[in-house]
Amino acid sequence: MKVQKRKIKEYLIEKTIFLSGITSIVIVVLIFIFLLKEGLTVFSSISPAQFLTGKNWYPISNPPQYGILPLIMGSVAVTLGAAILSIPVGIGSALYIAEIAPKKTREILKAGIELLAAIPSVVIGFIGMMTLGPLIKNIFHLSTGLTALSGSITLAFMAMPTIVSIAEDAITAVPKQYREAALSMGATRWQTTRRIVSHAARPGIIAALMLGIGRVIGETMAVMMVTGNAALIPHTILQPVRTLTATIAAEMGETVQGGSHYAALFAIGIVLFVITFAINGIADIYLHKNRHKA
Amino acid sequence: METKSQTIKFNIQQLNTWYGNVQSIKDLTIQVYANEIFTIIGPANSGKSTFLNSLNRLNDLTPGFKLDGTILLDNVDIYKHHDVESLRKRVGIVFALPTPLPLSIFDNIAYGPRMHGITNKSTLMGIVEKSLIESYLWDEVKDRLHTSAFNLSGGQQQRLCISRILAVNPEVILFDEPTSGLDPISTAKVEEAMLIFKKKYTIILVTNNVAQASRVGDRTAFFLMGKLIEVGDTKKIFTAPHEKQTEDYITGKFG
Amino acid sequence: MNLKNVKTQEKIASALLFGCTVLVVLPVVIILAIILYKGIAAINWEFLTAMPKKGMTQGGIFPAILGTLYLVAGAVLFALPLGVLTAIYLVEYAKNNYLSRIIKLAIVNLAGVPSVVYGLFGLGIFVIFFQFGVSILAGALTLGIMILPVIITASREALESVPQSFRIVSLSLGASKWQTIRHSVLPHALPGILTGTILGIGRAAGETAPILFTVAAFYLPHLPTSIFDQVMALPYHLYVISTQVPGIPESTRYGTALVLLSLVLMLNLFAIIVRSKFRKKKKW
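Residues numbered from 1 in each chain as written. Chains lettered and ligands numbered in written order. Predicted model: local features only at pLDDT ≥ 70, side-chain atom pairs only at ≥ 80, totals over all residues.

A. Spotlight on the overall build of chain C. Scanning chain C for helices and strands turns up 11 helices and two strands. Secondary structure elements of chain C occur, N-terminal to C-terminal, as α-α-β-β-α-α-α-α-α-α-α-α-α. Overall, the C-alpha framework of chain C stretches about 75 × 70 × 35 Å when taken along its three principal axes. Evaluated residue by residue, chain C yields a buried proportion of 55% over its 284 residues. (Helix = DSSP H or I, 4+ residues; strand = E, 2+ residues; numbered from the N terminus. Buried ≥ 20, exposed ≤ 12 C-beta atoms within 10 Å, placed from the backbone.)

B. Expanded view of the overall build of chain A. Tallying secondary structure elements over chain A gives 12 helices and two strands in all. Scanning chain A from its N terminus toward the C terminus, one meets helices and strands in the order α-α-β-β-α-α-α-α-α-α-α-α-α-α. C-alpha extents for chain A along the principal axes are approximately 80 × 70 × 35 Å. Out of the 294 residues belonging to chain A, those deemed buried represent 51%. For chain A, restricting intrachain contacts to residue pairs at least 6 apart in sequence, the fraction spanning at least 24 positions comes to 73%. (Contact = placed C-beta atoms within 7 Å.)

C. Region of interest: the pairing of strand 6 (residues 91-94) of chain B. Residue and element names in this part refer to chain B. Here strand 6 shows no split at all, with V91 and I93 on one side and G92 and V94 on the other all buried. Where strand 6 lies against strand 7 (residues 172-176), four bridges are found, and the strand directions are parallel. Looking across to strand 7, one finds that G92 is bridged to I173. (Pairing = 2+ DSSP bridges.)

D. Structural view of the confidence of the model for chain C. Chain-level pLDDT for chain C is 90 on average; 98% of the residues reach the 70-or-more range. Reported for the predicted complex are a pTM of 0.89 and an ipTM of 0.91. (pLDDT = per-residue confidence, 0-100.)

E. Representation of the sheet that holds strand 3 (residues 37-41) of chain B within the structure. Residues and elements named next belong to chain B. Pairing in this open sheet of six strands is mixed, and the strands run 6-7-8-3-9-10 from one edge to the other. Either end of the sheet is taken by a strand with one partner, and the two such strands are strand 6 and strand 10 (227-233). Taken over all neighbouring pairs, the strand axes of this sheet differ in orientation by 15° on average, direction set aside. (Axes fitted to C-alpha atoms, helices over the stretch in contact; angles between N-to-C directions.)

F. Structural view of the nonpolar core. Within the largest apolar cluster, 267 residues are counted, with the highest numbers of intra-cluster contacts made by V123, A167, I171 and I268 of chain A, L174 and I203 of chain B together with L71 of chain C. The dominant element in this core, judged by the number of residues it contributes, is helix 3 (residues 62-93) of chain C, at 17 residues. Here this core spans two domains, since at least three of its residues come from each of domain 1 (2-42) and domain 2 (45-281) of chain C. Those residues in contact with A167 of chain A, other than ones at most four positions away along the chain, are G90, I91, A94, G204, I205 and A208 of chain A. (Core = buried A, V, L, I, M, F, W, Y, C linked by C-beta atoms within 7 Å. Domains from an automatic or database assignment.)

G. Expanded view of the domain arrangement of chain C. Residue and element names in this part refer to chain C. Structurally, chain C comprises domain 1 (2-42) and domain 2 (45-281). On a C-alpha basis, the centres of domain 1 and domain 2 stand 32 Å from each other. In this complex, domain 1 contributes seven residues to the contact, which on the side of domain 2 involves eight residues. The class makeup of the residues in the side of domain 1 that touches domain 2 is five nonpolar, one polar and one charged. (Nonpolar A, V, L, I, M, F, W, Y, C, P; charged D, E, K, R; others polar.)

H. Spatial organisation of the interface of chain A and chain C. At the interface, 68 residues of chain A touch 67 residues of chain C. The element best represented in the side of chain A that touches chain C is helix 1 (residues 2-39) of chain A, accounting for 21 residues. Here the residues of the side of chain A that touches chain C sort into 42 nonpolar, 19 polar and seven charged.

I. Structural detail: the environment of N229 of chain A. All names here are of chain A. As for its position among the elements, N229 is in the loop between helix 10 (221-226) and helix 11 (244-251). Judged by the 19 C-beta atoms lying within 10 Å of it, N229 is partly exposed. Between the alpha carbons of N229 and A250 there is a distance of 8.8 Å; along the sequence they are 21 residues apart. With residues near it in sequence (within four places) discarded, N229 still touches M224, P240, R242, A246 and A250.

J. Layout of the sheet that holds strand 2 (residues 22-33) of chain B. All names here are of chain B. Here four strands make up an open sheet; going across it, the order is 2-1-4-5 and the pairing antiparallel. Looking at which strands have only one partner, the edges of the open sheet turn out to be strand 2 and strand 5 (76-77). In this structure, strand 1 (residues 8-19) lies alongside strand 4 (residues 65-73), joined through eight bridges in antiparallel fashion. Directly across from Q13, in strand 4, lies its bridge partner T70.

K. Molecular detail of helix 3 (residues 105-115) of chain B. Of all 11 residues in helix 3 of chain B, eight are buried, a share of seventy percent or more. Check the buried side of helix 3 of chain B and you find it contacts helix 4 (121-134), helix 5 (138-141) and helix 6 (154-166) of chain B together with helix 8 (177-206) of chain C. Directly after helix 3 of chain B, the chain includes G117 of chain B, whose backbone phi takes a positive value near 95°.

L. Seen up close, unusual backbone geometry. With an omega of 0°, the peptide bond between N62 of chain A and P63 of chain A qualifies as cis. Within the element layout of this structure, P63 of chain A appears in the loop between strand 1 (57-58) and strand 2 (65-66). Of note, the phi angle at D74 of chain B is positive, near 50°, even though the residue is not glycine. Mapping D74 of chain B onto the fold places it in the loop between strand 4 and strand 5. The backbone of M225 of chain B sits at a positive phi, close to 50°, despite the residue not being glycine.

M. Examining the pairing of strand 3 of chain B more closely. All names here are of chain B. The buried count for strand 3 comes to five of five residues, which makes it a mostly enclosed element. On strand 3, burial covers both faces: I37, T39 and I41 on one face and F38 and I40 on the other are all buried. Summarising the sheet, strand 3 and strand 8 (residues 202-206) pair through four bridges and their orientation is parallel. Bridged to I37 within strand 8 is I203.

N. Inspection of the packing of helix 6 of chain B against helix 7 (residues 184-197) of chain B at higher detail. Residues and elements named next belong to chain B. Across the interface, helix 6 lies against helix 7 with an axial gap of 9 Å and an inter-helix angle of 20°. On the basis of the axis angle, helix 6 is roughly parallel to helix 7. Between helix 6 and helix 7 the crossing geometry is right-handed. Residues G154, G155, Q158, R159 and I162 of helix 6 form the contact with helix 7, whose participating residues are S186, K189, V190 and A193. (Parallel < 35°, antiparallel > 145°, perpendicular 65-115°, else oblique. Left-handed = near helix turned anticlockwise from the far one by under 90°.)

O. Spotlight on the confidence of the model for chain A. Of all residues in chain A, 98% attain a pLDDT of 70 or more, and the chain-wide mean is 89. The secondary-structure element of chain A with the lowest mean pLDDT is helix 8 (residues 189-198) of chain A, recorded at 77, while helix 11 of chain A shows the highest, at 93.

P. Looking closely at the environment of K26 of chain B. Residues and elements named next belong to chain B. Tracing the backbone shows K26 in strand 2. C-alpha of K26 to C-alpha of N16: the two residues are 10 residues apart in sequence and 4.9 Å apart in space. With residues near it in sequence (within four places) discarded, K26 still touches N16, G226 and K227.

Encoded structure:
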């Protein structure tokens, strides 16, 4: 009797835990479903191809035009800029922390990077707007400092914690023997480090870069505050731009629920979701590669 | 010991086990009598521990483990007709290395009874005291029952693990090389305890230490590469074994 | 000559890598210093406890602080049990099969979903579909889903670090699987779970995009009375006063940034202390 009761309890707990376990899948699916549900209606007035390649984003003109190419270009511009700035610097500091820094320094640096990851993006955006913007305005004699360049610098900075910590893990995970083998054959420390990075730790570093870029593409508040928010296809990095994320954040408040503008913003959400899903999926594959090797 | 009733406690028939594709026990048929010390000797990888872990179904936890054949405890098939939790309550196990939980001495011993629904403080205290006395640890720890079990010596920790099993009132105690990490004095204490335990419990002892088997075993089985080579009265196994392999192992020619 | 070249190369390389690190870490220090320096002037009792006045140009930010605390509490209430149970499933129950692989992939992807997309999702499902309206409930649930991967990942690591022998001992004494998890595994994983939860709270407290369309009020100089009310929230308030409303004194902006930053960093510091205390106490 008692055993029976315990069995039932155990069974119920096990089922609850199982259901919780699959919630994550359910949530991912729900996100996708709700983005589609709210966003797909925009395609009754515009084809997906026009939506993706249209050069004009004029949601409140009459008739409205929903071409997100300028927004895609805006995202691409700041992301590329951020990647160019953050990849070498990020890998460099990951190498320094993993290979060169003494133990105490390493702990301090890691804490500093953790600290950076903790700063809310709206605070970084605020500081970028107040300090970086005017700086860029003065250096390049522009009418506004809120440009693609400011966005790139801010985002490069925000991608750092992801890039540095994951790349550092990958480098630290390289087995000692590799290093000892290289050093015993007369390679210098720098040569050894370079080899290790270009071979053993490579999948982990690629994963780090991809996740960093994923973070950059999805970043919203900071980028909205420092890029100047002009929905134009940029020709130089010293022009204001507007990203996919910032468009959603800035315009959703002005839309009518269920209207075409509202739907168009959800459709941008679909694009973002698909991009980050792909990036994270690929990064995960690289991360697993690294684990198998180590 | 000849006067003892020879009730069969464990009856193992045609036991075969595998880890993945590797067979670890081959065609084992063997009986263990109630209230005896049944020792199993044999070199590493001879299937001794696998056998032990099959008797309380701890092998169920190992991914890829498969078992075929029957194991009867008091004539009940433990894999088909026995609730696994109450089986493990009836058949306790002492591991090679002491495994105290990161709790106080008291809470370590009270762990099992609590899991079986005993919550009354004084009842628990009674169980803890009785179990510690039975395993000869009481005098050494009675003044510090609420300090961490990690502060005990290795030998004390092992006796704590024995008390922990006694606290759930088992019928059979499995010992898996219980003294391999202990000094001679602690080993002697554990062996002494076993000799007294057999009045109340059935004991199955797996050991690497041939001398230990000869000191405490009523009957001894010799395993080699997953097979039972020979089983019989300990005295006979050690003085006049049937098989050449048994003799070689006992006399230290291999293993 | 050649040897000397190699040595120089080593030195240059070291210096370059060190430079990279400085480029990453130095701005952190500068940001903190600027916010502290310019924000501290605004901080006083009134700023922290009063309602905003005169179109937010005067008075305090109390409703925003309180709103953020409500949202964070709601998010944790939702995400902590769900996250811990998910981690228990993955570590203690799931077999190493296709399903657990998909769950892990889902978690990785949840961690990568842009925060503004969470905002859209929260708007679509909680505000509109479940008709919670723009409310604390909708915002807290959205934030909860966002920090779910943080809590799951930390809890998984914490559970995995509990030695296998604890489980085996418990099971061998006849405890059931759930009893074993409840009494022999969870207590020892608790500090790690706690650390992850605090980090999640820090994340939830600082996020703006998920609450933009689900809860945040632009200007609401009174306190909420139910979970279906809107609230102001610190990060959104900072956004509003620094981009949407002209004429806000600079010190007020920096002061708000300082309060938000302090809240988030204190939570992180707390998590770090819990973690290091636990590491010192650990005996296995």
